[in-house]
Amino acid sequence: MNILICLSNVPDTTTKIKLVDDNKNYEKTGIQWIINPWDELALTRALELKENADAKVEKVTVITLGGKEAEPTIRKALAIGADDAIRIDAEPQDAFFVASQLAEVIKKNMYDLILCGIESSDYNGSAVGGMLAELLDIPSVSAVSMININGGEISINREIDGGKEMVSVPAPLVTVVQKGIAKEPRIASMRGIMMAKTKPLNVVPAAPVESLTEYAGFELPKPKAACKMVSPDNVKELVDLLHNEAKVI
Amino acid sequence: MSVLVYTENWEGKFKKLSFELVSYAGKLAEMLGTSAVAVSVGNVANDELQKLGNYGAAKILSVKGTGLDKLDNQVFTSVLAQAAAQENAVAVVLSNNNTGKALAPRLSVKLRAGLVSGVTQLPSSLNPFTITKKVFSGKAFANVVVKTEIKVLTLAQNSFELVQVENKAVIQDFNANIDAGLFKTTVKDVEKQAGKVLLTDAEIVVSGGRGMKSPDNWGPIEELASLLGGATACSRPVSDEGWRPHSEHTGQTGKIIAPNLYIAIGISGAIQHLAGVSSSKYIVAINNDKEAPIFQAADYGIVGDAQKILPELVKAVHEVKAS
Ligand SMILES: Cc1cc2nc3c(=O)[nH]c(=O)nc-3n(C[C@H](O)[C@H](O)[C@H](O)COP(=O)(O)OP(=O)(O)OC[C@H]3O[C@@H](n4cnc5c(N)ncnc54)[C@H](O)[C@@H]3O)c2cc1C
Ligand SMILES: Nc1ncnc2c1ncn2[C@@H]1O[C@H](COP(=O)(O)O)[C@@H](O)[C@H]1O
């Protein structure tokens, strides 16, 4: 079984967003770039599965659509343990553009199990995984919190609104993963970092694809009014405020 | 022309979430000079379906059929695409919940329709079709232009006011053509979270962080939540430690919620935590450190020891409820 993980290269989650170019863009220099947190968990789970002999995973590949500046993030994934990597050389435009580019590459060399994260922490699209599955015309399972492979069967836990379901779906398929899929993201060892330098990172050109949406500009949220403080000796006042002023209880 | 809206029922009943969706679709249809058509999958009685009319659906397509009791993303996408074609939909609205996130991207590709997820408002302009969504986990908003004729939108939960109208909807059966080979998802087991208010549905959420010190101290949090008819939540380290179930974890890597009231107790207010709760209408913070960042995000705050304040809070809420 071959596993592919779609990695999105995103600003570190603590980044302060600064708008530039008349709010048409955000400041991209001086930012720490990381593997999107869910994609990092997906990679961790794929490596755990590879180490489990019953799962019979031969190879774990990572793929990113992005410019050359995404390469340190890709190398990090290789250092954590991915076997090889693909970079599609283009700037992400929208989810459809990204998914179409990924689909073009994947079609040429199909994987059994494709993992995407539930959302990128930059544009919060929650879109690429499902779009990719539709473009490849294969099943998808969303809100996945567990994946096991046993005797060629892939069993999955997914969250539904109001509970959990255990499902099984034949390969090839896309799973869109969320919290729970792995406990803690794995970190690269010194040896891993050394080995990553010699692992294959194949750069492929982009296909001609049009985006369906466009980011016209950004706005920052309005600053919040100061917090109204209530004395710890007068908890009742808080309840009164919530009841009479905010009218929420 | 129409605006199609996908509603979900739970054991034959609609939740507020579906009425929000229909209200939104109704208003969007008004802007576009057309009407809203709701799609309901599964066995729902006609008087329950009719409720969708009261929030603005002009027509309801009721889809019944074998195999539709469990979500298969390809099958459901195919049903929705067929409904969109029949109704000549110019927009399709789904919830930004687990099901909506599973179906909307597939539908977007099938209809070649630009997708904007997690919207909270109606479009700011129709030409070009421009709509605002949160990005960077709430640290900014983006204005997204949809370039295609058909638009797919997912609506964030609890972000749109219900709109009640005098209206009787037409109910029609809708038979989708589904290729048997499309069913590939086998559900082996279901675990339902029975009897509790769902965190994503709750209008009031009481949440505890590491400042609660031990899982044994959660009694008053649960009591407060049930007293207020709300749900309980927690910060990530609390669920990582196994003090509380993972399903309660809110924040960037957990659930993203927008209740009317979020009470954060012993939570420092890290940026990743706020990413999941900052859309709450009101935030209350209880923390013994007056410098804790949670007070920057809160509307009301008390600096003090949670163990002392919680019992008093429970008592005061009891009194207000009794009065
Ligand atoms: C990529 C990434 C993603 C993350 N995602 C999430 C996420 O989704 N959700 C999330 O919550 N976190 C997330 N985190 C972790 C986050 O950065 C914080 O570490 C976490 O939110 C802190 O949890 P806490 O506030 O419960 O604990 P702490 O930061 O330890 O805060 C405890 C608070 O309790 C107060 N306190 C202590 N004793 C008392 C008392 N007796 N009475 C009242 N107050 C008291 C303290 O003053 C303190 O403010 C993420 C981190 C990373 C790097
Ligand atoms: N540029 C990209 N390259 C590769 N995978 C991506 C890219 N952007 C998003 N993804 C994948 O799609 C998931 C969801 O992203 P999004 O739809 O942008 O929220 C991410 O967690 C990744 O798995």
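Residues numbered from 1 in each chain as written. Chains lettered and ligands numbered in written order. Predicted model: local features only at pLDDT ≥ 70, side-chain atom pairs only at ≥ 80, totals over all residues. Heavy atoms only, no water.

## Some thoughts on the overall build of chain B
Here comes step 1: Counting its regular elements, chain B contains nine helices and 18 strands.
Here comes step 2: Computed over C-alpha atoms, the radius of gyration of chain B comes to 21 Å, within 12% of the 20 Å expected from 2.2 N^0.38 for 323 residues, which places it in the range of a compact globule.
Here comes step 3: Dimensions of chain B, computed from C-alpha atoms along their principal axes, come out at roughly 60 × 45 × 40 Å.
Here comes step 4: In chain B, which comprises 323 residues, the share counted as buried stands at 58%.
Here comes step 5: Taking as baseline every contact in chain B between residues at least 6 positions apart, the subset at least 24 positions apart corresponds to 65%.
Here comes step 6: As displayed, chain B has an accessible area near 12,800 Å², and 49% of this comes from carbon and sulfur atoms.
Here comes step 7: Distance between charge centres in chain B, computed from 32 positive and 30 negative side chains, equals 6 Å. (Helix = DSSP H or I, 4+ residues; strand = E, 2+ residues; numbered from the N terminus. Rg over C-alpha atoms; globule rule 2.2 N^0.38 Å. Buried < 20%, exposed > 50% of the residue type's maximum accessible area, 1.4 Å probe, protein only. Contact = heavy atoms within 4.5 Å. Areas by Shrake-Rupley, 256 points an atom, 1.4 Å probe, with all protein chains shown as cover. Lys, Arg positive; Asp, Glu negative; His and termini not counted. Charge placed at Lys NZ, Arg CZ, Asp CG, Glu CD.)

## Focus on helix α2 (residues 71–80) of chain A
Residues and elements named next belong to chain A.
Here comes step 1: For α2, the tally of buried residues reaches seven of 10 residues, placing the bulk of the element in the interior.
Here comes step 2: All buried positions along α2 are accounted for by E71, T73, I74, A77, L78, A79 and I80.
Here comes step 3: Of the residues flanking the end of α2, it is G81, one or two places downstream, whose phi is positive at about 145 degrees.

## Some remarks on the interface of chain B and chain A
Where interface size is given, it is often the accessible area lost as the parts come together that is meant.
Here comes step 1: Contact with chain B, which involves 81 residues of that partner, is made by 78 residues of chain A.
Here comes step 2: Overall, the association of chain B and chain A removes approximately 7,000 Å² of surface from exposure, summing both partners, and the carbon and sulfur fraction of that is 57%.
Here comes step 3: Area buried by chain B at its contact with chain A is led by R106, F136 and Y300 of chain B, which between them contribute 11% of it.
Here comes step 4: On the surface where chain B and chain A come into contact, there are eight salt bridges.
Here comes step 5: Note that K164 of chain A is salt-bridged to E191 of chain B, the shortest N-O span being 3.8 Å.
Here comes step 6: At the boundary of chain B and chain A, one finds 43 residue pairs in polar contact (both at pLDDT 80 or more).
Here comes step 7: Here the residues of the side of chain B that touches chain A sort into 36 nonpolar, 25 polar and 20 charged.
Here comes step 8: Two strands pair when backbone bridges link them, and strand β14 (residues 213–219) of chain A and strand β10 (residues 140–146) of chain B are joined in this way by six bridges, in the antiparallel orientation. (Buried area = accessible area lost by both parts, 1.4 Å probe. Salt bridge = Lys/Arg side-chain N within 4 Å of Asp/Glu carboxyl O. Polar contact = N/O pair within 3.5 Å; in protein donor to acceptor, adjacent residues only side chain to side chain. Nonpolar A, V, L, I, M, F, W, Y, C, P; charged D, E, K, R; others polar. Pairing = 2+ DSSP bridges.)

## Regarding the pattern of salt bridges
Here comes step 1: If you walk through the whole model with that rule in mind, you get 32 salt bridges over all chains.
Here comes step 2: Measuring nitrogen to oxygen at the nearest pair gives 3.5 Å for the salt bridge that ties D240 of chain A to K236 of chain A. Note that D240 of chain A and K236 of chain A are positioned in helix α6 (residues 235–245) at a spacing of four residues, about one turn of the helix.
Here comes step 3: A salt bridge links K59 of chain B to E87 of chain B, with the nearest nitrogen and oxygen atoms 3.0 Å apart. Residue K59 of chain B is found in strand β5 (residues 57–63), and its partner E87 of chain B is found in the loop between α3 (73–86) and β6 (89–95); the two are separated by 28 residues along the sequence.
Here comes step 4: A residue is classified by how much of its surface remains accessible, and E87 of chain B, at 9% relative accessible area, is buried.

## Some points on the packing of helix α3 (residues 95–108) of chain A against helix α4 (residues 128–136) of chain A
All names here are of chain A.
Here comes step 1: Where α3 meets α4, the closest approach of the two axes is 9 Å, and the angle between their N-to-C directions is 45 degrees. Taken together, α3 and α4 sit at an angle that is classed as oblique. You can see that α3 and α4 cross each other, and the crossing is right-handed. Here A95, F96, V98, A99, S100, L102, A103, I106 and K107 of α3 come into contact with α4, specifically with V128, M131, L132, L135 and L136.
Here comes step 2: Counted by class, the contact of α3 with α4 contains 12 nonpolar, one polar and one charged residues. (Axes fitted to C-alpha atoms, helices over the stretch in contact; angles between N-to-C directions. Parallel < 35°, antiparallel > 145°, perpendicular 65-115°, else oblique. Left-handed = near helix turned anticlockwise from the far one by under 90°.)

## Notes on the nonpolar core
Here comes step 1: Counting residues in each nonpolar core, the largest one holds 59 residues, and the members touching the most others are I114 and L132 of chain A together with L94 of chain B.
Here comes step 2: When residues of this core are assigned to their parent elements, the largest contribution, eight residues, is made by α3 of chain A.
Here comes step 3: Counting 40 residues, the second largest nonpolar core, distinct from the first, contains V22, V119, L155 and A169 of chain B. (Core = buried A, V, L, I, M, F, W, Y, C linked by side-chain atoms within 4.5 Å.)

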